[in-house]
Amino acid sequence: DEAIELAELAKRMGIKANEMIAKLMTLGVMATVNQTIDFETATLVATEFDFDVEKASFEEEALLNHEIDGDDEDKKIGRAPVVTIMGHVDHGKTSLLDVIRKSKITSGEAGGITQHIGAYNVETPNGGRVTFLDTPGHAAFTAMRSRGAQVTDIVILVVAADDGVMPQTIEAINHSKAAGVPVVVAVNKMDKAGADPDRIMRELSELDLLAEEWGGSVIFVKVSAKTGEGIDDLLEMVLLQSEVLELKANPDRKAMGYVVESRLDTGRGAVATVLVKQGTLSDGDPIVCGLYSGRIRAMIDDSGSRIDAAGPSTPVEIIGLSGVPDAGDEFIAVASDKDAKQIAGNRMQKQRAKELAKKSRANLEKMFENL
Ligand code: GDP
Ligand code: MG
């Protein structure tokens, strides 16, 4: 149905028709100047020239933008900081996440067993809230960032008081710096005999992380994941750091955010844990998520309860997507199922075109190798 004349397409892209014919040939399509080419082929060849093609009758941006517009500053209210724990192996990342989750999640649910959904929200002693991403480590952080997802607001850098700064400590600092995310240092394992927090402060000061008590601006908190010492303090300090950032979001709009984790569940189909960044995600909302679309059929919070609505900084497991998105993919609630399907369909088509182009390039290279 959708088609365009080769000459017209070349003109619109500002390239010579001959170049386009040659490019099509490398893609295995023989065409002449006057020939009409279909949308898929047009997308394919345009992608090869680094163009982004959309059907004239369909503009993804138009469908999405009205959701992003109307973000009145005065509608924004404070939101919980989203925190990732990083640090050298064995310095206590997992132990810290565990002790925070166990002591802080409101466990009203049966047996106090909390369902694991990849992120959780805790209440601090003074009533503030902090959201933790349950995947410690640098790989997750960089994978998200490489997909353009800025999920983390604050990094807790864990350094074992009896071990000091190690290679992955430095790596974590570099990742945080590159992302422009502030660091709160948790000097862990304070219960151990060899704990030497001053040494940690000294070593980190050489890496531009100067402690507040030494005249710098970095918050250091002494903790022990084993005894629980300093954990409440750590949470309060994270909140203090987040106040400086003035993290705000407008809960009164359609939701957007990012996928934190995803999987295919035999019974429930595609399951994704998402973190709402803006707006409020509600049961029944049509959404687009990466290459997939759907309608929220159920939402489950970090304590395993079904909920109807999830506001900013709330991690929630969603069911109802047509496929399994990748961690770091953006999700956005849209006006209708039709819009959702159209946007996802268009993205899928582009993705296929890219893959096809890659394949034909590889085939061609193989062909030449075999000559
Ligand atoms: P990760 O590799 O950074 O996730 O570190 P883990 O949380 O797996 O901890 C590594 C080891 O250190 C485990 O044996 C923990 O039990 C231990 N550990 C973690 N935190 C503490 C602490 O505060 N005190 C003591 N004594 N041991 C700890
Ligand atoms: Mg670990």
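The chain carries the name Translation initiation factor IF-2 in an unreviewed UniProt entry, which gives Desulfobacula toluolica as its organism.

S.K.: Would you take a moment to explain the nonpolar core for this structure?
M.R.: Most often, soluble globular proteins have nonpolar side chains that are buried together. Counting 24 residues, the largest nonpolar core has Leu96, Ile100, Phe132 and Ile156 as the members making the most contacts within it. Listing elements by their share of this core, those giving two or more residues are β4 (82–87), α5 (93–104), β5 (119–123), β6 (129–133), β7 (154–160), β8 (183–188) and α9 (231–245). Ranked by residues supplied to this core, first place goes to α9 with five residues. In this structure Leu96 touches Ile85, Val158, Ala186, Val223, Ala225 and Ile231, once residues within four positions along its chain are discounted.

S.K.: Just to check I follow, could you spell out α9 for this structure?
M.R.: Helical periodicity: at 3.6 residues per turn, an α-helix aligns residues three or four positions apart in one direction. Taking 1.5 Å as the rise per residue, α9 with 15 residues should run 21 Å; its terminal C-alpha atoms sit 21 Å apart, in good agreement. Among all positions of α9, only Ile231, Leu234, Leu235, Glu236, Val238, Leu239, Gln241 and Ser242 are buried. Backbone geometry just after α9 places Glu246 at a positive phi near 50 degrees.

S.K.: How do you make sense of the site of ligand 1 when you look at a structure like this?
M.R.: Near ligand 1 you find 15 residues, and of these Asp90, Lys93, Thr94, Ser95 and Asp191 are the closest. Between ligand 1 and Ser95 there is a distance of 2.6 Å, counted from an oxygen atom to a side-chain nitrogen or oxygen. With the chains in place, 71% of the 580 Å² that ligand 1 exposes on its own is no longer accessible. With three residues, the top contributor of residues to the shell around ligand 1 is α5. Its residues placed into classes, the shell around ligand 1 shows two nonpolar, seven polar and six charged.

S.K.: I would appreciate a short explanation of a negative patch on the surface in the present structure.
M.R.: Together, Asp196, Asp198, Glu212 and Glu213 line one region of the surface with negative charge. Inspection of the secondary structure puts Glu212 in the loop between α8 (197–205) and β9 (220–222). Given the relative accessible area of 43%, Glu212 is considered partly exposed.

S.K.: How should the side chain of Thr124 be read in this particular structure?
M.R.: Mapped onto the secondary structure, Thr124 falls in the loop between β5 and β6. A relative accessible area of 2% places Thr124 in the buried class. Beyond its immediate sequence surroundings of up to four residues, Thr124 is in contact with Val130, Leu235, Glu236 and Leu239.

S.K.: Got a minute to help me understand the environment of Val122 in this structure?
M.R.: Among the structural elements, Val122 can be located in strand β5. In this structure, the C-alpha to C-alpha distance between Val122 and Asp302, residues 180 residues apart in sequence, is 9.6 Å.

S.K.: What exactly am I supposed to notice about the sheet that holds β8 here?
M.R.: Think of a sheet as strands paired side by side through backbone hydrogen bonds, with each pair either parallel or antiparallel. With mixed pairing, the six strands of this open sheet are ordered in space as β5-β6-β4-β7-β8-β9. Here the strands that pair on one side only, and so sit at the sheet edges, are β5 and β9. Direction aside, neighbouring strands of the sheet carry axes that sit 30 degrees apart on average. Here five bridges tie β5 to β6, and the two strands are oriented antiparallel to one another. Residue Ala119 lies in a different strand from β6, and its bridge partner there is Leu133.

S.K.: What is the right way to read helix α7 (residues 167–179) from this model?
M.R.: For α7, built from 13 residues, the straight-helix expectation of 18 Å at 1.5 Å per residue is met to within 8% by its first-to-last C-alpha distance of 19 Å. Among all positions in α7, only Thr169, Ala172, Ile173, Ser176 and Ala179 are buried. In a view along the axis of α7, the buried residues occupy a sector of 135 degrees, so they form one face of it. What points out from α7, more than 90 degrees from its buried face, is the exposed set Pro167 and Ala178. Packing partners of the buried residues in α7 comprise β4, α6 (138–146), β7, β8 and α8. Phi for Gly180, located one or two positions after α7, is positive at around 70 degrees.

S.K.: Is there a simple way to think about the environment of Glu171 in this case?
M.R.: By the secondary structure assignment, Glu171 is in helix α7. Residue Glu171 is classed as partly exposed on the basis of its relative accessible area of 37%. For the pair formed by Glu171 and Gly87, sequence separation is 84 residues and the distance between their alpha carbons is 8.3 Å.

S.K.: Can you walk me through the packing of aromatic side chains in this structure?
M.R.: Enumeration according to the criterion identifies one aromatic pair in this entry. Pairing Tyr120 with Phe132 gives two aromatic rings, centres 5.8 Å apart and planes at 25 degrees, and the pair type is stacked. Separated by twelve residues along the polypeptide, Tyr120 in strand β5 and Phe132 in strand β6 bring together distant segments of the chain. What makes Phe132 buried here is its relative accessible area of 0%.

S.K.: Before we go on, may I ask you to explain the pattern of salt bridges in this structure?
M.R.: Pairing between side chains becomes possible if they bear opposite charge and their charged atoms approach one another. Applying the stated criterion across every chain yields a total of 16 salt bridges. Measuring nitrogen to oxygen at the nearest pair gives 3.4 Å for the salt bridge that ties Arg268 to Glu317. Residue Arg268 is located in the loop between β11 (256–265) and β12 (269–278), and its partner Glu317 is located in strand β17 (residues 315–321); the two are separated by 49 residues in the primary sequence. The salt bridge involving Asp337 is made with Arg295; its shortest N-O contact spans 3.0 Å. Residue Asp337 is located in helix α10 (residues 337–369), and its partner Arg295 is located in strand β15 (residues 292–300); the two are separated by 42 residues in the primary sequence. Owing to a relative accessible area of 41%, Arg295 belongs among the partly exposed residues under this scheme. Connected through salt bridges with shared partners, the residues Arg263, Asp265, Arg268 and Glu317 form a single ionic network.

Rules behind the numbers
- Residues numbered from 1 in each chain as written.
- Chains lettered and ligands numbered in written order.
- Predicted model: local features only at pLDDT ≥ 70, side-chain atom pairs only at ≥ 80, totals over all residues.
- Heavy atoms only, no water.
- Core = buried A, V, L, I, M, F, W, Y, C linked by side-chain atoms within 4.5 Å.
- Buried < 20%, exposed > 50% of the residue type's maximum accessible area, 1.4 Å probe, protein only.
- Helix = DSSP H or I, 4+ residues; strand = E, 2+ residues; numbered from the N terminus.
- Contact = heavy atoms within 4.5 Å.
- Expected span 1.5 Å × (residues − 1).
- Near = heavy atom within 4 Å.
- Polar contact = N/O pair within 3.5 Å; in protein donor to acceptor, adjacent residues only side chain to side chain.
- Areas by Shrake-Rupley, 256 points an atom, 1.4 Å probe, with all protein chains shown as cover.
- Nonpolar A, V, L, I, M, F, W, Y, C, P; charged D, E, K, R; others polar.
- Patch = residues over 30% accessible without salt bridge, like charges linked within 9 Å, V, L, I, M, F, W, Y side chains within 5 Å.
- Salt bridge = Lys/Arg side-chain N within 4 Å of Asp/Glu carboxyl O.
- Lys, Arg positive; Asp, Glu negative; His and termini not counted.
- Charge placed at Lys NZ, Arg CZ, Asp CG, Glu CD.
- Pairing = 2+ DSSP bridges.
- Axes fitted to C-alpha atoms, helices over the stretch in contact; angles between N-to-C directions.
- Arc of directions from axis to C-beta.
- Phe/Tyr/Trp six-rings, centres within 6.5 Å; stacked < 30°, edge-to-face > 60°.

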